[in-house]
Every structure is written in C-alpha cells, then in structure tokens.
Number of protein chains: 2
Amino acid sequence: MRIPKHIGIIPDGNRRWAVKNGMTKDKGYALGINPGLILFKQCKKYGIEEITFYGFTVDNTKRPNEQKLAFTEACINSVQLLTKEDCEILVMGNTKSTSFPKDLIPFTKRRTFGKGGMKVNFLINYGWEWDLNELKSADEKKKNIYNNIHSNDISRIDLIIRWGGRRRLSGFLPVQSVYSDFYVVDDFWPDFKPEHLDEALNWYNEQDVTLGG
Amino acid sequence: MRIPKHIGIIPDGNRRWAVKNGMTKDKGYALGINPGLILFKQCKKYGIEEITFYGFTVDNTKRPNEQKLAFTEACINSVQLLTKEDCEILVMGNTKSTSFPKDLIPFTKRRTFGKGGMKVNFLINYGWEWDLNELKSADEKKKNIYNNIHSNDISRIDLIIRWGGRRRLSGFLPVQSVYSDFYVVDDFWPDFKPEHLDEALNWYNEQDVTLGG
C-alpha cells in the first residue's frame, strides 16, 4: 500500500457539532482534542512521517471572543498532550500578534519529545498571506519558493483530509498543498473515527502521483 | 440562486479519454476545444463574470513532444475561437520560455472582443512557482499579495471545477484558490456535458461563504 509521507488535517465542524448537540458553538472545540491524539497514534502506527494540524488562523481570530478563547485553549491543550508522546513538535504562525498564545512560544522551533520520530506541526494564528509575504524579503535570484516562506520547515503535503464536509482549503498552506490529494469526510471533527483515516488512505492508495507532470 | 462570480476550470482527462477510445494520448486534446466553447456560452448565459481555463503548465511541457505540440495547438485554437465571441481575453503564463506559443503573445494583455463583457483567462505555460516568484520583487511594506503576483489581473476564484476525477489543484493559481470551493466531475473533459456545470452550480449554491472567517 502506498502510504503518504505527510498528511494535512483540517479538523472542521466543531461549532456545527456543538449546535447539533444542543451546546453553544464555543463548546465544540474541547471535543476536538482527543480525536487529534487518537489520529496521531494511528498515523504513527501506519508509519506516516509528518502530520500538520490546522489549528486556527488569523482570519479565525475575528470570531466572537468566547469562541476565540475556546479554540485557543483547545490548541494549547492539544500541543501539551503531544509532549507526552514520541514526536517532534513545531508550532507555526504569526507570533507578532497578541492572538498568538504565549504558552506556545516555546514550540515555535521544532522540539523533540520522548524518542521523537514523527513530525507534528500545528498551524496556530497562521495566515496564508503572512506565510507568503515572507517571499518579499527573499533574494530575487533564488527561485525556490519552499525555502523562502515562513513555513519552510513544513514539507510538501501528499494528502489533505478535511472533516465537516466542506471542499475547500481555506488558506491551508497554499505552497505545500499545490499537488496534494484532497479527501473530504462529511462527519464533523468531534465525531472522528479511525475508519475515516482508513478510508482516506484507501482512497489515496488508488490515486496516482504526477506532481503536475 | 447564488451564482459564483469567477469559476476556475481544470479540463483534465484528455489523455485518458484518448486511450479509452483507442487513440494515442496526444489525440485527446483536440477533442477538448469544443467543450470549452460550449461551457463559455453556458457561463455567459448564467451571468458568470469571469472564467479561467487551466491550459497547460510549465510542468506539462516536460511531456513527450507529440503531446506538447497537441496541447499547445489545442490551446491556441481555443483562444482563437473565443475571439469571435463577446468577451475579454487574457492569456497568463511565462512568456520568456520557448514553450510559450508566439501566436498567443498578443493576448498577454487583456483585450476586448465583440461587445466584451465576460472575462476569460487562459493559463498558458503557467507555473505556480513562476507566479509566486514575482513576490520577491515586491515592496516588503506592501502587504497585499494579490497585487504583487504575476497573475494580478485574475481575481479570487469562487468555484473550481475539475474534470477527470482527480481531487487536487495541481498548481492552479494557489493565491486565487485559497478560499475556492472545489467540485470534481468524474467524467473526462472531452465528455463534457452542460449538466456537469449545472450540477456544480447546484452544489455550490448549497455551500456557505466564510472566506476563512
């Protein structure tokens, strides 16, 4: 079976899940923490080398304050949970804004926990414009794009899985995702089941890889 | 009904269509010209303001020569066909390479044909890296990305439709597609039917627009 090296995770649908279950929207985020840990362990078992979670974006911080507090806390808790596992964590986002949680500053350079081995990236207060704007300070003669964006320590993504039914990237790493296969799960992220990943991997296995060729 | 302002078209599957129909791969491209004209007229009727066709990329030019000749000719013919319609044509791509067809140089600034009215863009010898590399010569203080890429005369895309079953962007305008809804038609492009566009528009009508918010 052809296993992707790097999977992007868009864990969407937390708010819709909360409303469906009779809660206020902000209550959905906490329910998204445990699915992330289960998914991490499953990816590790399958030999996937790198995963990137779409935490929250600069755009997202314009939402009502109770939601902003809730998704920020869920992201901090998710990162801290993974420090107890064998992995190499990187948090990527605009640290120059007050929306960036101070608790995550120590993770903005990749750090190894336990025996390391699998790279786990979290996009936190990430903005696609912020990421690409870094190109403006690059040497014009150097043609490589990957090396000159903020997110240069995050590799090309083979497979992106989005929960919550929407078929769009919503600004998720525009450079690393140019050739990614895109799989959509209709269930909301808090309803994550290991079968979702299995279905996505089975589908991915049937795709070819052309890298635009 | 909520109609997208700008639709991106990825007309994939020409080669697979040819093989399925007992021809050599290069023969599929010519069969993709007429579908483009039908789609254009249909979009015009529906009041869509702008469409962008993914012609060929810098990556594609590495294919066998007979294929390269065939898709280049199909693109030239497609542009020339549209000069007989009411529209505003722009051809966008790297003109500094020998792979860029000389016949299309006159279209690299937007020109109005007939009564004009609908913008039609063709990506010809387009490369996502070429497009983004233009940012390196931009003023660092100007934060806007759209205005500083090569394809700055192509607007944000609301809906991308890809024929041929693959669920990936393959380098299609990474900046304009960050918030696009992405619809995939399993049929190959030469098997285009107007119903495909109708299905995509019906699906689009059910999506919400958040622009990352």
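All values derive from a computational prediction rather than experimental measurement. (Residues numbered from 1 in each chain as written. Chains lettered and ligands numbered in written order. Predicted model: local features only at pLDDT ≥ 70, side-chain atom pairs only at ≥ 80, totals over all residues. Heavy atoms only, no water.)

(A) Structural context of the sheet that holds strand β7 (residues 181-185) of chain B. Residue and element names in this part refer to chain B. Strand order in this open sheet of 7 strands is β4-β3-β5-β2-β1-β6-β7, and the pairing throughout is mixed. Looking at strand neighbours, the two that pair on one side only are β4 (111-113) and β7, the edges of this open sheet. Neighbour-to-neighbour, the strand axes of this sheet turn through a mean angle of 20 degrees, independent of strand direction. Taken together, the 3 bridges between strand β3 (residues 87-92) and β4 define a ladder with antiparallel strand orientation. Each bridged residue has a counterpart across the sheet, and for C87 the counterpart in β4 is F113. Sheet strands touched by helix α2 (residues 33-46): β1 (6-10), β2 (50-57), β3 and β5 (119-126). Its angle to β2, the strand with the most contacts, is close to 160 degrees. (Pairing = 2+ DSSP bridges. Helix = DSSP H or I, 4+ residues; strand = E, 2+ residues; numbered from the N terminus. Axes fitted to C-alpha atoms, helices over the stretch in contact; angles between N-to-C directions. Contact = heavy atoms within 4.5 Å.)

(B) Quick look at the packing of aromatic side chains. All names here are of chain A. Under the defined criterion, the tally for this structure stands at 26 aromatic pairs over all chains. Between W163 and F192 the ring centres are 5.7 Å apart and the planes differ by 55 degrees, which places this aromatic pair in the tilted class. With a gap of 29 residues between them, W163 in strand β6 (residues 159-163) and F192 in the loop between β7 (181-185) and α5 (194-205) connect regions that are remote in the sequence. Judged by its relative accessible area of 0%, W163 falls in the buried class. For F192, a relative accessible area of 10% translates into the label buried. (Phe/Tyr/Trp six-rings, centres within 6.5 Å; stacked < 30°, edge-to-face > 60°. Buried < 20%, exposed > 50% of the residue type's maximum accessible area, 1.4 Å probe, protein only.)

(C) Region of interest: the relation of the copies chain B and chain A. The operation relating chain B to chain A is a screw motion whose rotation component is 180 degrees, with 0.0 Å of axial translation and a residual RMSD of 0.0 Å. Taken together, the rotation and translation describe the operation of a two-fold axis. Among all residues of chain B, the one whose C-alpha sits closest to the rotation axis is K136(B), at a distance of 2.2 Å. With an isologous cut-off of 70% or more, the 100% of interface residues of chain B that recur at the interface of chain A puts this contact in the isologous class. (Least-squares fit on C-alpha atoms with pLDDT ≥ 70 in both.)

By themselves, these are just geometric observations and shouldn't be taken as functional.
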